[in-house]
Amino acid sequence: MENRNIILIGFMGAGKTVVGQKVAQELGLKFVDADEEIEKTAGVAISEIFSKKGEACFRDLETKVLESLRDSTNLVLATGGGMVLRPENVKMLKQLGSLVLLWAEPSVIFERIINETHRPLLKVSDPKVEIAKIINYRQPIYQQAADFVVDTSGLGVDEVAEKVVNYISRRSAS
Ligand code: S3P
C-alpha cells in the first residue's frame, strides 16, 4: 500500500499544527501533533520537561514518539521545530513519509510568536535575536531534510494548506 503520511517540519511558529490539521481534514487523514503526544505520555507540559529534566530529556521523548509511529499510515504529523536536529530522527521521518518544510522569515516568525509564552527556547531576554540565531543554525538542516518547501511568509493557513495538498496530489499522481 502506498505510504500517504505527510510530515510537516519547520521552525516554531511556522504553522505546522494549524496547517497540519487543515491538510488532514481535507485529505481525510489522521492528524498527530508530536508535541501533544509527548505531553500526553509525560503527563506534563513541554516547558516543564525542559525546566525540570532538561532539553536532552525532551529530545529523547521526541525520538520515542517517532519510534511509536513507525508503522503508521494515512497520517499528517506535525513535528516540533527541533525534531530534525537528530539525524536518526530524520532517517525515521523519511521512512515514515514525505517531509514538507513550512518556511518563514525570522521577522515573520517573531511577529507570529510574540504573544505566545509556551516555548521554553524563546523565553529569553531578546527573542528576536534568539530566533535569528536558531534559524540560522537550523536552516540547512531543514532544507536538507525537506522533500518540498512552502514559504509561508505572507500566506494564511488555508493558502499554505492548499500548497501542501497540491504537492501531495502531484506526488500521488506520479
Ligand atoms: C522546539 C519547538 C517546539 C517544541 C519545543 C522545542 C524547537 O515545537 O517541540 O518547545 O526546538 O524548535 P513547535 O515547533 O511546535 O513550537
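Going by the structure above, here's the rest.
Residues numbered from 1 in each chain as written. Predicted model: local features only at pLDDT ≥ 70, side-chain atom pairs only at ≥ 80, totals over all residues. Heavy atoms only, no water.

1. Structural notes on the overall build of the protein chain
At step 1: Check the secondary structure of the protein chain and you find eight helices and five strands.
At step 2: Overall, the protein chain shows an N-to-C arrangement of helices and strands of β-α-β-α-α-α-β-α-β-α-α-β-α.
At step 3: Here the protein chain has a C-alpha radius of gyration of 15 Å; the compact-globule value for 174 residues is 16 Å, and the two agree.
At step 4: In the protein chain, which comprises 174 residues, the share counted as buried stands at 44%. (Helix = DSSP H or I, 4+ residues; strand = E, 2+ residues; numbered from the N terminus. Rg over C-alpha atoms; globule rule 2.2 N^0.38 Å. Buried < 20%, exposed > 50% of the residue type's maximum accessible area, 1.4 Å probe, protein only.)

2. Considering the site of the ligand
At step 1: Near the ligand, the surroundings consist of 13 residues, among which Lys16, Asp35, Arg59, Arg119 and Arg138 are the closest.
At step 2: One nitrogen or oxygen atom from the side chain of Arg59 is found 2.7 Å from an oxygen atom belonging to the ligand.
At step 3: Here an oxygen atom of the ligand sits 2.6 Å away from a polar atom, N or O, in the side chain of Arg119.
At step 4: Surface burial for the ligand is 94%, taken as the share of its 380 Å² of free accessible area covered by protein chains. (Near = heavy atom within 4 Å. Polar contact = N/O pair within 3.5 Å; in protein donor to acceptor, adjacent residues only side chain to side chain. Areas by Shrake-Rupley, 256 points an atom, 1.4 Å probe, with all protein chains shown as cover.)

3. A word on the packing of aromatic side chains
At step 1: Inspection of every chain in the model, using the stated rule, returns two aromatic pairs.
At step 2: Relative to Phe58, the ring of Phe50 has its centre 5.0 Å away and its plane inclined at 40 degrees; by these criteria the two rings are tilted.
At step 3: Phe50 gets classed as buried once you look at its relative accessible area, which sits at 15%.
At step 4: Overall, Phe58 belongs to the buried group, its relative accessible area being 4%.
At step 5: The interplanar angle of 0 degrees and the centroid separation of 4.2 Å between the aromatic rings of Phe148 and Tyr167 together place this pair among those described as stacked. Taken together, the positions of Phe148 in strand 5 (residues 148-151) and Tyr167 in helix 8 (residues 157-173) put the pair 19 residues apart, joining distant regions of the chain. (Phe/Tyr/Trp six-rings, centres within 6.5 Å; stacked < 30°, edge-to-face > 60°.)

4. Some remarks on the layout of surface pockets
At step 1: Computed from the structure, the largest pocket encloses a volume of approximately 570 Å³.
At step 2: Lining the largest pocket we find 28 residues, and of these Asp35, Ile46, Gly80, His118 and Arg119 sit closest to its centre.
At step 3: Counting residues per element, the ones that place at least two in the lining of the largest pocket are helix 1 (16-27), helix 2 (34-42), helix 3 (46-53) and helix 4 (55-68).
At step 4: Taken together, the residues of the lining of the largest pocket break down into ten nonpolar, nine polar and nine charged. (1 Å grid on protein atoms, 1.4 Å probe; cavity = no way out; pocket = protein on both sides within 12 Å on 5 of 7 lines; lining within 4 Å. Points joined across faces, edges and corners; volume = space filled by probe spheres on them. Nonpolar A, V, L, I, M, F, W, Y, C, P; charged D, E, K, R; others polar.)

5. Concerning the pattern of salt bridges
At step 1: Scanning all chains against the criterion turns up ten salt bridges.
At step 2: In this structure, the salt-bridge partner of Glu62 is Arg59, at a minimum N-O distance of 2.9 Å. Of this pair, Glu62 and Arg59 both sit in helix 4, three residues apart, which is roughly one turn of that helix. Here Glu62 and Arg59 have matching classes, each one buried.
At step 3: Here Glu116 makes a salt bridge to Arg119, at a shortest N to O gap of 2.3 Å.
At step 4: A relative accessible area of 39% places Glu116 in the partly exposed class.
At step 5: Residue Arg119 is classed as buried on the basis of its relative accessible area, which comes to 18%.
At step 6: The network of salt bridges with shared partners includes Lys22, Glu26 and Asp158. (Salt bridge = Lys/Arg side-chain N within 4 Å of Asp/Glu carboxyl O.)

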